[in-house]
Amino acid sequence: MSKSRLVNMVNMLQKAHDGHYAVAHININNLEWIKAVLSAAQETNSPVILGVSEGAAKYMCGFRNVVDMVNNVLDTMNITQPVALHLDHGSFDGAKAALAAGFSSVMYDGSHLPFDENIKETQIIIDLAHEQNASVEAEVGAIGGEEDGKKSGGELADVEQCRKISQLPLACLAAGIGNVHGIYPADWTGLNFERLKAIHDATHNIPLVLHGGTGIPDEMVQKAISMGVSKVNVNTECQLVFAEAIRAYIETGKDQNTKAKGFDPRKLLKPGTEAIKNKCIEKFKVFGSLGKA
């Protein structure tokens with residue numbers, strides 16, 4: 001295989017921060033996801049971050065297989081846009097393993113630890129990452145909802161803790177501002193923009209990350225971007241449109257058309273793949289990253 005074409009997040013996020021737009025972080029779950037997201041990025045000249053949770057990496061047979069798949073698809077599809085392969089909500093051991101496998105970026109999520117331990121372990125991951133020109137995202141104040149079985153009620157990050165951790169050489173910082181993973185509950189009160197402003201002011205303009213991008217109203221996301229958010233994570237929304245499109249294909253009986261081989265998995269999964277691609281393009285427009293590669 002040829003040399004990796006992956007890049008880290010530093011330049012793409014700093015450019016986004018300076019340009020007041022955000023780069024989409026789209027979680028991938030299989031080959032269809034990879035192809036759909038990269039097609040959307042290439043067609044719209046948008047930078048993109050492929051996010052991989054530890055659970056998704058296990059499903060795809062390990063970090064090294066994910067790296068090989070993504071690099072091969074980049075070559076085969078001749079993708080020319082900046083693409084980062086990023087571990088999402090990584091554990092300490094998971095972040096080390098992802099870096100060893102060739103990920104160009106990792107998130108070390110030490111938000112569940114005492115703050116001093118979070119700082120200490122984040123610095124270790126940064127040192128390892130910088131040895132191979134990879135970037136690191138840290139987190140302060142756990143994001144609400146559930147990610148790979150880890151649950152949180154959705155906290156507001158402590159501003160002083162954000163200031164302290166931002167002194168590390170991070171690519172970006174995830175800080176809880178009332179956002180949650182997954183589908184938002186009916187009683188959700190929205191993002192806390194007062195806390196977002198305080199965090200951005202205290203962290204010396206480090207690019208900030210908005211996790212749980214699915215379900216936040218577009219105008220709220222765009223306001224957050226205008227206030228320093230430079231990376232927005234999307235996962236659940238792509239899963240929902242993927243399932244919806246495949247359900248429609250099956251409910252109309254196309255999979256039972258034996259003459260056209262409608263049961264062929266390449267045909268069965270195609271509507272879902274197209275739905276992911278279209279959802280990505282929609283998000284690129286909302287985040288302002290179209291044509292910014």
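The structure displayed is predicted, hence computed values, not measured ones.

1. Comments concerning the packing of aromatic side chains
Counted under the stated rule, the structure contains three aromatic pairs. Arranged with centres 5.4 Å apart and planes meeting at 85°, the rings of phenylalanine 63 and phenylalanine 103 form a pair that is edge-to-face. Taken as a pair, phenylalanine 63 in helix H4 (residues 63-76) and phenylalanine 103 in the loop between helix H5 (92-101) and strand S4 (105-108) lie far apart in primary sequence, 40 residues in all. In this pair, the class of phenylalanine 63 matches that of phenylalanine 103, namely buried. Consider the rings of phenylalanine 92 and tyrosine 108, whose centres lie 5.9 Å apart with planes at 75°: the pair is edge-to-face. With phenylalanine 92 in helix H5 and tyrosine 108 in strand S4, the pair connects residues that are 16 residues apart, well separated along the chain. Sitting above the plane of the phenylalanine 193 ring, lysine 223 keeps its charged end 4.4 Å from the centroid.

2. Some words on the pairing of S4
Going residue by residue along S4, you find Ser105 and Met107 tucked away on one face and Val106 and Tyr108 tucked away on the opposite face as well. Where strand S3 (residues 83-90) lies against S4, three bridges are found, and the strand directions are parallel. Note on S4: the bridge partner recorded for histidine 86 is serine 105. Assessed by its sense of winding, the connection that carries the chain from S3 through H5 to S4 is right-handed. Pairing between S4 and strand S5 (residues 135-140): four bridges, direction parallel.

3. Some words on the environment of alanine 138
Within the element layout of this structure, alanine 138 appears in strand S5. For alanine 138, a relative accessible area of 0% puts it in the buried group. A sequence separation of 151 residues divides alanine 138 from serine 289, and the C-alpha atoms of the two residues are 23 Å apart. Residues contacting alanine 138, with those up to four places away along its chain left out, are Tyr108, Thr122, Ile165, Leu170, Cys172, Leu173 and Ala174.

4. Regarding the nonpolar core
Counting 76 residues, the largest nonpolar core has Ile28, Leu85 and Phe103 as its most contacted members. With seven residues, the single largest contributor to this core is helix H2 (residues 31-44). The contact partners of leucine 85, leaving out residues within four places of it in the chain, are Leu6, Val7, Ile28, Leu50, Val52, Val66, Val67, Val70, Phe103, Ser104 and Ser105. Met12, Ala16, Ala84 and Ala174 belong to the second largest nonpolar core, which has 13 residues in total.

5. Quick notes on helix H10 (residues 236-251)
The end-to-end C-alpha distance of H10, which contains 16 residues, comes to 22 Å, matching closely the 22 Å that a straight helix rising 1.5 Å per residue would cover. Within the sequence span of H10, burial applies to Thr236, Glu237, Cys238, Val241, Phe242, Ala245, Ile246 and Tyr249. Taken together, the buried residues of H10 touch strand S1 (23-27), H2, strand S10 (229-234) and helix H11 (265-287). With its phi angle positive at about 80°, glycine 253 sits one or two positions after the end of H10.

6. Topic: unusual backbone geometry
Backbone geometry places asparagine 78, a non-glycine residue, at a positive phi of 50°. Secondary-structure assignment places asparagine 78 in the loop between H4 and S3. A relative accessible area of 49% means that asparagine 78 is categorised as partly exposed. Positive phi outside glycine occurs at histidine 89, with the angle close to 50°. By the element assignment, histidine 89 lies in strand S3.

7. Things to note about the packing of H4 against H5
Interaxial distance between H4 and H5 falls to 8 Å at its minimum, and their mutual angle equals 40°. Here H4 is positioned oblique relative to H5, judged by the angle of their axes. The hand of the H4/H5 crossing is right-handed. Between H4, through Phe63, Arg64 and Val67, and H5, the contact on the second element is made entirely by Gly94, Ala97, Ala98, Ala100 and Ala101. Here the contact of H4 with H5 is composed, by residue class, of six nonpolar, one polar and one charged.

8. Section: the environment of proline 47
Along the chain, proline 47 turns up in the loop between H2 and strand S2 (48-53). What makes proline 47 buried here is its relative accessible area of 3%. In this structure, the C-alpha to C-alpha distance between proline 47 and phenylalanine 103, residues 56 residues apart in sequence, is 17 Å. Setting aside residues up to four positions removed in sequence, proline 47 forms contacts with Val23, Pro82, Ser289, Lys292 and Ala293.

9. Side note on the pattern of salt bridges
Applying the stated criterion to the full structure yields eleven salt bridges. Residues glutamate 282 and lysine 279 are paired through a salt bridge, measuring 3.2 Å at the closest nitrogen-oxygen approach. Taken together, the positions of glutamate 282 and lysine 279, both in helix H11 and three residues apart, correspond to about one turn of that helix. Judged by its relative accessible area of 34%, glutamate 282 falls in the partly exposed class. Several salt bridges share partner residues, and in doing so they unite Glu237, Lys279, Glu282 and Lys283 into one network.

The rules behind each value
Residues numbered from 1 in each chain as written. Predicted model: local features only at pLDDT ≥ 70, side-chain atom pairs only at ≥ 80, totals over all residues. Heavy atoms only, no water. Phe/Tyr/Trp six-rings, centres within 6.5 Å; stacked < 30°, edge-to-face > 60°. Helix = DSSP H or I, 4+ residues; strand = E, 2+ residues; numbered from the N terminus. Buried < 20%, exposed > 50% of the residue type's maximum accessible area, 1.4 Å probe, protein only. Lys NZ or Arg CZ within 6 Å of the ring centre and 35° of its normal. Pairing = 2+ DSSP bridges. Right-handed = clockwise from strand over helix to strand, strands pointing away. Contact = heavy atoms within 4.5 Å. Core = buried A, V, L, I, M, F, W, Y, C linked by side-chain atoms within 4.5 Å. Expected span 1.5 Å × (residues − 1). Axes fitted to C-alpha atoms, helices over the stretch in contact; angles between N-to-C directions. Parallel < 35°, antiparallel > 145°, perpendicular 65-115°, else oblique. Left-handed = near helix turned anticlockwise from the far one by under 90°. Nonpolar A, V, L, I, M, F, W, Y, C, P; charged D, E, K, R; others polar. Salt bridge = Lys/Arg side-chain N within 4 Å of Asp/Glu carboxyl O.

None of the figures reported here should be taken as evidence of function without further support.
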